[in-house]
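Structure assessment
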Amino acid sequence: MSKTKVSVVKVAQPEGNASFMGGKYIRIEEDVRKIEAAVAEAVELAIGSLDTIIKEGDTVLIKPNLAFQAPPESHAVVDPRTIEAVVSYVKKNSKAGKVVIGDNPSLGMHVGRAKPAFKDSKMEEAAKLGGADEVIYFDEHDVVAVEIEGAKLFKHATVFKPFLDADVVINLPKMKVHLAGTVTLGLKNWNGIIPNCHPNDQQQGAHRIELGQKMADMYRIRHADLTIVDSVIGMEGQGPHAGSPIEMNLIVAGADTVAVDSVACSIMGFEPMEIPAIRCAGTEGQGEIDLAKIDVVGNSIESVIKHFRRPGGDPIGMYAGLTCVMQQTCPGCFVNVRGALDSFALSGIDMNKFLEKSGEVVVIAGGVPDFNPQICVDKNVFICGDCWELFPSVDKVKEGAELAKSVTYYPGCAPVYIFAQLNADLQKLAAAK
């Protein structure tokens, strides 16, 4: 039995990388052609030809990682040059009737809808330069209710119809780290195929400790026909929102998304089994996770590996004056509060002036059995979710809220939307006169 193939191909040094890494994206025609050449080599090494997956007249959907409404320089979204290169390659080398690109930001209403996100990321412009027939804003289209056969946790979903209607789906994630998922690659890229409807559990409720299982369950909805990882410039550190760019100049590709993710995370310096989504999908038999059973072609993992700085998910004691009280908090709120505080602290805020003008902050989440209400006196208190009400400390938290300078509640199961909303509310506090 032949091994599943994953290709790792080097991109000839793009001239625009230095500027891009330094904070200014510049499109250079030759850079796009260099990336397109690497995409062509990677795809052909992995599957032989696009004709093996694309039949004449097929509608091909390219599903990128449009995580947030963010500019290319954030390095949180797929490189526009890679978008253009992939679209151009598919248009030139397949018999597809229609090549479209579509997605929805996984944090949807809280950090931008699809249309402005595609515009700000320059993905829409890049897709059109590559010859895309249409850019599809998933959140402006109908959804279809789906029962996920074999799912362990996320058994029911409403899925954007264009994703289900396409004849062929090409998965185009970015190589980056992630506070909640350790890394975010092909499997986690499926998070954009469902709408973000807080407080509906579609996006929120399974973003706790079960996030990896949710991604494995969602992948059962429909497997990608081809996965191409944008690894030209990756993100390390406090991803997916506040990380740092790391130059890789690679394209990783294959038909088996689990295998592609296993190889890609190994290139980043991680073991596949330590990545929750890869572990869950791999042990369930949705793809190959064992590197010994994967035929890595092109370049070896060892020849291109770089150990990415890992994201820190612990918010406690991170920022003076921003106190977090979280003694029995699930990983969902735990890491997303850290993400929100990182975003706030790295937004150019002078923390000393903020604390002097606005006062100190206390963030409460989960069970706090030893909670002392006095910690809230004259502070700006932010209370996450509803689960704190299930613990014996509920009355003490309520007492603390009465002693606070201000109180903001985030109702429901809050882990995803708090990531953006807590930062936004802190920014409003800082801007208040």
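See the structure above.
About the criteria used
Residues numbered from 1 in each chain as written. Predicted model: local features only at pLDDT ≥ 70, side-chain atom pairs only at ≥ 80, totals over all residues. Heavy atoms only, no water. Core = buried A, V, L, I, M, F, W, Y, C linked by side-chain atoms within 4.5 Å. Buried < 20%, exposed > 50% of the residue type's maximum accessible area, 1.4 Å probe, protein only. Helix = DSSP H or I, 4+ residues; strand = E, 2+ residues; numbered from the N terminus. Contact = heavy atoms within 4.5 Å. Disulfide = S-S within 2.5 Å. Salt bridge = Lys/Arg side-chain N within 4 Å of Asp/Glu carboxyl O. Axes fitted to C-alpha atoms, helices over the stretch in contact; angles between N-to-C directions. Parallel < 35°, antiparallel > 145°, perpendicular 65-115°, else oblique. Left-handed = near helix turned anticlockwise from the far one by under 90°.

Some details on the nonpolar core
With 55 residues, the main nonpolar core has Phe 163, Met 175, Val 252 and Ile 267 as its most contacted residues. Among the elements of the structure, strand 1 (4–10), strand 6 (156–160), strand 8 (174–178), helix 8 (211–219), strand 11 (242–254), helix 9 (257–267), helix 10 (276–283) and helix 11 (301–304) are those that each provide at least two residues to this core. Apart from residues lying up to four places away in sequence, Met 175 is in contact with Leu 185, Val 229, Asp 230, Ser 231, Gly 234, Met 235, Met 248, Val 252, Ala 264, Ile 267, Met 268 and Phe 308. Residues Val 11, Ile 47, Leu 226 and Ile 233 belong to the second largest nonpolar core, which totals 47 residues.

Let's talk about the state of the cysteines
Scanning all chains against the criterion turns up zero disulfides. Between Cys 376, a free cysteine, and Cys 384, which holds the nearest cysteine sulfur, the sulfur-to-sulfur gap is 12 Å.

Regarding the pattern of salt bridges
Enumeration according to the criterion identifies 20 salt bridges in this entry. Its salt-bridge partner being Arg 33, residue Glu 29 comes within 2.2 Å of it at the nearest N-O pair. Taken together, the positions of Glu 29 and Arg 33, both in helix 2 (residues 29–47) and four residues apart, correspond to about one turn of that helix. Overall, the relative accessible area of 40% leaves Glu 29 in the partly exposed class. Residue classification places Arg 33 among the partly exposed residues on the basis of a relative accessible area of 27%. Its salt-bridge partner being Glu 36, residue Arg 33 comes within 2.8 Å of it at the nearest N-O pair. Placement of both Arg 33 and Glu 36 in helix 2 is noted, with a separation of three residues, approximately one turn of the helix. With relative accessibility at 8%, the residue Glu 36 sits in the buried group. Three or more residues joined by partner-sharing salt bridges are found here, namely Arg 27, Glu 29, Arg 33, Glu 36, Glu 84 and Lys 92.

Details of the packing of helix 3 (residues 80–93) against helix 6 (residues 123–130)
Where helix 3 contacts helix 6, the two axes come as close as 7 Å, and the packing angle between them is 30°. The angle between helix 3 and helix 6 places the two elements in the roughly parallel class. Helix-helix and strand crossings are classified by hand; for helix 3 and helix 6 the assignment is right-handed. Contacts between helix 3 and helix 6 involve Pro 80, Ile 83, Glu 84, Val 87, Ser 88 and Lys 91 from the first element and Met 123, Ala 126, Ala 127, Leu 129 and Gly 130 from the second.

Some remarks on the packing of helix 13 (residues 351–358) against helix 15 (residues 417–431)
For the pair helix 13 and helix 15, interaxial distance at closest approach is 9 Å and the crossing angle is 70°. With respect to helix 15, the axis of helix 13 lies roughly perpendicular. Along its contact with helix 13, which presents Phe 354, Lys 357 and Ser 358, the element helix 15 presents Leu 426, Leu 429, Ala 430 and Ala 431.

No statement about biological role is implied by the geometric values presented.
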